[in-house]
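Listed below are the residues making up each chain.
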Amino acid sequence: MLRLGCKRFLGFSNQRNQTLPQTLLRLYHERVVDHYNNPRNVGSFDKNDPTVGTGLVGAPACGDVMKLQIKVDEETGKIVDACFKTFGCGSAIASSSVATEWVKGKQMEEVLTIKNTEIAKHLSLPPVKLHCSMLAEDAIKAAVKDYEAKRAKLGANGEAAPVEKVADA
């Protein structure tokens, strides 16, 4: 009797061909579903390009791996393009997609202020999926750090070259 009452309450009946009620089909927020079905900025840049920063992060507990890359205009310091590749659940893919949209057109310092809570709130992620937005935040920070490390290395090489020329003269 209790089982029959629960089935009726949930919208199930004894008919075999009846589909699930619309309210039970959608378990994720529509923004998550949209970014999962139509991910923005999927792809990758050449990691050896000095204007590209690459952030590769993962969560061993769930198996999600996220690679987020940014392309920076060296003169203005603005991020002109971003892309990602993510192996993981729908929430991880959606978080990556949102992150790439949010970083485009912003200064390097500005993207470091993007927090996982903002991404999670925008996607209405449930508590069990908050690690996906944390991965996106970590990927952004790792990409910026990688870009800055490349710039520092190129700057050190660029400064060393003129000194050698002076020594040879």
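Residues numbered from 1 in each chain as written. Predicted model: local features only at pLDDT ≥ 70, side-chain atom pairs only at ≥ 80, totals over all residues. Heavy atoms only, no water.

Novice: I would appreciate a short explanation of helix 4 (residues 90-103) in the present structure.
Specialist: Three or four residues apart is the spacing at which side chains of an α-helix point the same way, because the helix has 3.6 residues per turn. Taking 1.5 Å of rise per residue, the 14 residues of helix 4 would be expected to cover 20 Å, and the 20 Å separating its terminal C-alpha atoms lies within 8% of that figure. Among the 14 residues of helix 4, twelve are classified as buried, and the element is accordingly described as predominantly covered. Where helix 4 ends, the next residue or the one after it, Gly-105, has phi of about 80°, a positive value. (Helix = DSSP H or I, 4+ residues; strand = E, 2+ residues; numbered from the N terminus. Expected span 1.5 Å × (residues − 1). Buried < 20%, exposed > 50% of the residue type's maximum accessible area, 1.4 Å probe, protein only.)

Novice: Looking at this structure, how should I read the pattern of salt bridges?
Specialist: When charged atoms on two side chains of opposite charge get close, those side chains can pair. In the structure shown here, the tally under the stated rule is six salt bridges. For Asp-34, the salt bridge goes to Arg-40, with nearest N and O atoms at 2.7 Å. In this structure, Arg-40 engages Glu-101 in a salt bridge whose closest nitrogen and oxygen atoms are separated by 3.4 Å. With Arg-40 in the loop between helix 3 (30-37) and strand 1 (52-59) and Glu-101 in helix 4, this residue pair connects regions lying 61 residues apart in the sequence. Judged by its relative accessible area of 24%, Arg-40 is partly exposed. For Glu-101, a relative accessible area of 37% translates into the label partly exposed. When salt bridges with common partners are traced through the structure, they connect Asp-34, Arg-40 and Glu-101 into a single cluster. (Salt bridge = Lys/Arg side-chain N within 4 Å of Asp/Glu carboxyl O.)

Novice: So what exactly am I meant to see when it comes to the packing of helix 4 against helix 6 (residues 116-123) here?
Specialist: Angle between the axes and distance between the axes: these two values describe a pair of packed helices. Two elements in contact, helix 4 and helix 6, have axes separated by 10 Å at closest approach and are oriented at 115°. In this view, helix 4 runs roughly perpendicular relative to helix 6, as classed from their interaxial angle. Here helix 4 and helix 6 pass one another in a crossing that is right-handed. Contacts between helix 4 and helix 6 involve Ala-94, Ser-95, Val-98 and Trp-102 from the former and Glu-118, Ile-119, His-122 and Leu-123 from the latter. (Axes fitted to C-alpha atoms, helices over the stretch in contact; angles between N-to-C directions. Parallel < 35°, antiparallel > 145°, perpendicular 65-115°, else oblique. Left-handed = near helix turned anticlockwise from the far one by under 90°. Contact = heavy atoms within 4.5 Å.)

Novice: What exactly am I supposed to notice about helix 6 here?
Specialist: Within helix 6, the full set of buried residues consists of Asn-116, Ile-119, Ala-120 and Leu-123. Each buried residue of helix 6 lies within a common arc of 95° when the element is viewed along its axis, so the set occupies one face. Facing away from the buried side of helix 6 by over 90 degrees, the exposed positions are Thr-117 and Lys-121. Following helix 6 by one or two positions, Ser-124 has its phi on the positive side, about 55°. (Arc of directions from axis to C-beta.)

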